[in-house]
Amino acid sequence: MKTRDRLRIAMQKSGRLTEPALDLLKRCGLTFRQSRDKLFCFGEGEPVDLLLVRDDDIPGLIEQGVCDLGIVGRNVLDEFSLTAGIDGAPLKEWRPLGFGRCRLSVAVPQEMAYESATSLAGQRIATSYPGLLGRWLRDAGVDAQVVTLAGSVEIAPKLGTADAICDLVQSGGTLVANQLREVDVLLESEAVLAGPEALPTDERGDMIELLLKRLDGVIQVSE
Ligand code: PRP
Ligand code: ZN
Ligand code: MG
């Protein structure tokens, strides 16, 4: 891996975390000039650049050293650590950022009886989070079939490809629209600053320490 002297932060290209993430970095005193293809933002004052990518790719980019830090949902970070990330250097949640709050929940069709995780024994559960769901089922001692889908998880019960789902809930609107009810919460999530457990020891490490200090000030003020 070629060494860089400028810090590079990965963040979501377009989605719920994009605007609040840019806003937070702005309040930390960072300003950027966006490239024409909108995939890269060049830092104007400090030596800090942004890479705009799919949120699911962020942990892998940090693990590979392509980026030093990432702004990503705790759900994506924890799922990566449980599945894809098991061979690489461990990633760490350096700071919770206080926006993008949502939860990873199990939901079932309105008419389905649900007491506890045990009610899911022998059922098919659709999710984009097989690692987190698998751990929760194991902890509960429940044997169920996990059906991994990349998206549109909420329509699986209606299509007959699953009996229940495990997906992110923010307003609950998607569940209501699909006649599903939330029955258990696996994870409370929000945007976090993710990075390697061991920070770089060069100028980038110094810049990260400065950024963390500014973040702490900015987050305290907005609480
Ligand atoms: C997320 C999530 C749920 C929905 C929940 O999907 O996967 O489907 O939002 O939000 P709600 O409770 O406010 O309805 P999103 O549309 O962000 O896109 P993705 O699933 O493609 O990541
Ligand atoms: Zn996503
Ligand atoms: Mg969705």
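For the structure, see preceding data.
Residues numbered from 1 in each chain as written. Chains lettered and ligands numbered in written order. Predicted model: local features only at pLDDT ≥ 70, side-chain atom pairs only at ≥ 80, totals over all residues.

A. Representation of the site of ligand 1. Taken together, Arg-16, Gly-151, Glu-154, Asp-167, Leu-168, Val-169, Gln-170, Ser-171, Gly-172, Gly-173 and Thr-174 make up the full set of residues near ligand 1. Among the elements of the structure, strand S10 (164-169) and helix H6 (173-177) are those that each provide at least two residues to the shell around ligand 1. Counted by class, the shell around ligand 1 contains two nonpolar, six polar and three charged residues. (Near = placed C-beta within 6 Å. Helix = DSSP H or I, 4+ residues; strand = E, 2+ residues; numbered from the N terminus. Nonpolar A, V, L, I, M, F, W, Y, C, P; charged D, E, K, R; others polar.)

B. Summary view of the sheet that holds strand S4 (residues 48-53). Taking strand neighbours across the sheet as the criterion, the seven strands line up as S2-S3-S4-S1-S5-S12-S6 in an open arrangement whose pairing is mixed. Strands with a single pairing partner mark the edges of an open sheet, and in this sheet they are strand S2 (32-34) and strand S6 (91-96). Each strand axis lies, on average, 25° off the axis of its neighbour in the sheet, ignoring direction. As judged from the three bridges shared by S2 and strand S3 (residues 40-43), these two strands associate in the antiparallel manner. Among the inter-strand pairings, Gln-34 is bridged to a residue of S3, identified as Cys-41. Taken strand by strand, helix H3 (residues 74-82) contacts strand S5 (69-73), S6 and strand S12 (191-196), and its axis lies near 105° from that of S5. (Pairing = 2+ DSSP bridges. Axes fitted to C-alpha atoms, helices over the stretch in contact; angles between N-to-C directions. Contact = placed C-beta atoms within 7 Å.)

C. Summary view of the packing of H3 against helix H4 (residues 130-140). Two numbers describe how H3 lies on H4: the axes approach to 7 Å, and their chain directions differ by 75°. Of the possible angle classes, the one that applies to H3 and H4 is roughly perpendicular. Residues Asp-78, Glu-79 and Leu-82 of H3 lie in contact with H4, whose contacting residues are Gly-131, Leu-132 and Arg-135. When its residues are assigned to classes, the contact of H3 with H4 shows two nonpolar, one polar and three charged. (Parallel < 35°, antiparallel > 145°, perpendicular 65-115°, else oblique.)

D. Structural view of helix H7 (residues 203-222). Under the 1.5 Å per step criterion, the end-to-end length of H7 is 29 Å for 20 residues, consistent within 8% with the ideal 28 Å. Among the residues of H7, Arg-204, Met-207, Ile-208 and Leu-211 are the ones counted as buried. The buried residues of H7 all sit within an arc of 100° when viewed along its axis, so they share a single face. Exposed positions of H7 whose direction lies more than 90 degrees from the buried face are Glu-209, Lys-213, Asp-216, Gly-217, Gln-220 and Val-221. Buried residues belonging to H7 abut strand S1 (7-12), S4 and S5. (Expected span 1.5 Å × (residues − 1). Buried ≥ 20, exposed ≤ 12 C-beta atoms within 10 Å, placed from the backbone. Arc of directions from axis to C-beta.)

E. Region of the structure containing unusual backbone geometry. At Lys-38, a residue that is not glycine, the phi angle is positive and equals roughly 60°. Here Lys-38 shows up in the loop between S2 and S3.

F. Focus on the nonpolar core. Within the largest apolar cluster, 30 residues are counted, with the highest numbers of intra-cluster contacts made by Ile-9, Ile-71, Val-72 and Ala-194. Residue assignment for this core shows that the elements contributing at least two residues are S1, helix H1 (18-27), S4, helix H2 (58-63), S5, H3, S12 and H7. With sequence-adjacent residues up to four places away left out, Ala-194 is seen in contact with Pro-59, Ile-62, Leu-69, Gly-70, Val-72, Leu-77, Leu-91, Glu-93 and Trp-94. Judged by nonpolar contacts, the second largest core, of 22 residues, contains Val-153, Ala-156, Cys-166 and Leu-186. (Core = buried A, V, L, I, M, F, W, Y, C linked by C-beta atoms within 7 Å.)

G. Structural detail: the pairing of S4. The pairing of S1 with S4 spans six bridges and is classified as parallel. Counted as the bridge partner of Gln-12 is Val-53 from S4. Here two bridges tie S3 to S4, and the two strands are oriented antiparallel to one another. Among the inter-strand pairings, Phe-40 is bridged to a residue of S4, identified as Leu-51. Adjacent in sequence and paired antiparallel, S3 and S4 are bridged by four residues.

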